[in-house]
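Chain by chain, the residues run as shown.
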Amino acid sequence: MLYILDTADIETIRYCNEYYPLAGVTTNPSIIAKEHTDFWELVTQIREIIGKDKMLHVQTTQKEAEKIVEEAKLLKEKLEGGFYVKIPICEEGLKATMRLKELGIGVTMTAIFTPPQALIAAKAGASFVAPYVNRLDNIIGDGTEVAAEIVRQLAHYGSDCKVLVASFKNAEQVHKCASAGCHCVTVDPKILKAVISHPMTDAAIKGFERDWTSVYGDKTILDF
Ligand code: G3P
């Protein structure tokens, strides 16, 4: 399972890239707009922080296939390495995806809410499909089950398209996606923290510290 960070906040990316085994960063127009800064400066800074090899997913701002392709080519040229253009599922997006597949530019088809949307995106040549779990849960859908069904259908048809699940509100949704065999999750840093946290872990760590200091005081192994 790959962990990706869903933010364009530079300091957060710098921090999480150091502390977590991240596979890359995803953005979308809402995430970029939150930063109120120059687009190219922002995305090139993200690329500098994560390095060339990690994935960087940036969404197109275009609506017509030809323009999407033009924008994707420019993004790929400037951001290099593991770059993927995010395209919301729609007819123009599918047309662009088929062309980008021929050009060797990776596509993440996003704003996916159903397995049929994911299946046809995969058929068009998307490298990743991005279902939105929490937005489905919010309308009394079953986001993690939709992600699970997408995994099953892609496997059934022998597709090499990967499921990059987005939109999380809690660690349990991440856990369910992992159980379903989803290939990647893209999460807010708070979710990463929630994934590694457990009150029993805190208690265990406190116990180790208490027992050690009761015998050795402030000494650490380095002091012996
Ligand atoms: O990339 C899509 C993702 O950012 C959506 O998350 O939390 O806005 O539903 P959210």
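Our subject is the structure that appears above.
Remember, it's a predicted structure, so these values are computed and weren't measured experimentally.

A. Highlighting the layout of surface pockets. Taken as a whole, the largest pocket spans an internal volume of roughly 500 Å³. What lines the largest pocket is a set of 22 residues, and nearest its centre among them are Asp 6, Ile 31, Lys 34, Arg 135 and Ser 167. Of all elements in the fold, only helix 2 (29-33), helix 7 (133-138) and strand 8 (184-187) reach the threshold of two or more residues within the lining of the largest pocket. The computed volume of the second largest pocket comes to approximately 240 Å³. Taken together, Lys 101, Leu 119, Ile 120, Ala 122, Lys 123, Gly 125, Ala 126, Ser 127, Tyr 157, Ser 159, Asp 160 and Lys 162 make up the lining of the second largest pocket.

B. Representation of the packing of helix 3 (residues 39-50) against helix 4 (residues 65-79). Running from N to C, helix 3 and helix 4 point in directions that differ by 50°, and their axes come no closer than 10 Å. Relative to helix 4, helix 3 is oriented oblique. Two packed elements cross with a definite hand, and for helix 3 against helix 4 that hand is right-handed. Facing helix 3, whose interface residues are Phe 39, Trp 40, Val 43, Thr 44 and Arg 47, helix 4 presents Leu 74, Leu 75, Lys 78 and Leu 79. Among the residues forming the contact of helix 3 with helix 4, the class breakdown is six nonpolar, one polar and two charged.

C. Examining unusual backbone geometry more closely. Positive phi values are uncommon outside glycine, yet His 36 reaches one of about 50°. For His 36, the location among the structural elements is in the loop between helix 2 and helix 3. Judged by relative accessible area, His 36 falls into the exposed class, the value being 73%. Phi at Glu 80 takes a positive value of approximately 45°, unusual for a residue other than glycine. Structurally, Glu 80 is set in the loop between helix 4 and strand 4 (82-88).

D. A look at the packing of helix 6 (residues 115-124) against helix 8 (residues 143-156). Where helix 6 meets helix 8, the closest approach of the two axes is 9 Å, and the angle between their N-to-C directions is 40°. In terms of their interaxial angle, helix 6 and helix 8 are classed as oblique. Crossing of helix 6 against helix 8: the hand is right-handed. Residues Pro 115, Ala 118, Leu 119 and Ala 122 of helix 6 form the contact with helix 8, whose participating residues are Val 146, Glu 149, Ile 150, Gln 153 and Leu 154.

E. Structural context of the site of the ligand. Near the ligand, the surroundings consist of Asp 6, Asn 28, Ile 31, Lys 86, Tyr 132, Arg 135, Ala 166 and Ser 167. The contact in question runs from an oxygen atom of the ligand to an N or O atom on the side chain of Arg 135, over 2.7 Å. If you map the ligand onto the pockets, it falls in the largest pocket.

F. The pairing of strand 5 (residues 106-112), seen in detail. For strand 5, a buried count of six out of seven residues is recorded, marking the element as mostly surrounded by other parts of the structure. Sheet analysis places strand 4 next to strand 5, joined by five bridges and oriented parallel. Across the sheet, the residue bridging to Lys 86 is Thr 108, located in strand 5. As a crossover connection, the stretch from strand 5 through helix 6 into strand 6 (residues 128-131) is right-handed.

Analysis parameters
- Residues numbered from 1 in each chain as written.
- Predicted model: local features only at pLDDT ≥ 70, side-chain atom pairs only at ≥ 80, totals over all residues.
- Heavy atoms only, no water.
- 1 Å grid on protein atoms, 1.4 Å probe; cavity = no way out; pocket = protein on both sides within 12 Å on 5 of 7 lines; lining within 4 Å.
- Points joined across faces, edges and corners; volume = space filled by probe spheres on them.
- Helix = DSSP H or I, 4+ residues; strand = E, 2+ residues; numbered from the N terminus.
- Axes fitted to C-alpha atoms, helices over the stretch in contact; angles between N-to-C directions.
- Parallel < 35°, antiparallel > 145°, perpendicular 65-115°, else oblique.
- Left-handed = near helix turned anticlockwise from the far one by under 90°.
- Contact = heavy atoms within 4.5 Å.
- Nonpolar A, V, L, I, M, F, W, Y, C, P; charged D, E, K, R; others polar.
- Buried < 20%, exposed > 50% of the residue type's maximum accessible area, 1.4 Å probe, protein only.
- Near = heavy atom within 4 Å.
- Polar contact = N/O pair within 3.5 Å; in protein donor to acceptor, adjacent residues only side chain to side chain.
- Sits in = over half its atoms within 2 Å of the grid points.
- Pairing = 2+ DSSP bridges.
- Right-handed = clockwise from strand over helix to strand, strands pointing away.

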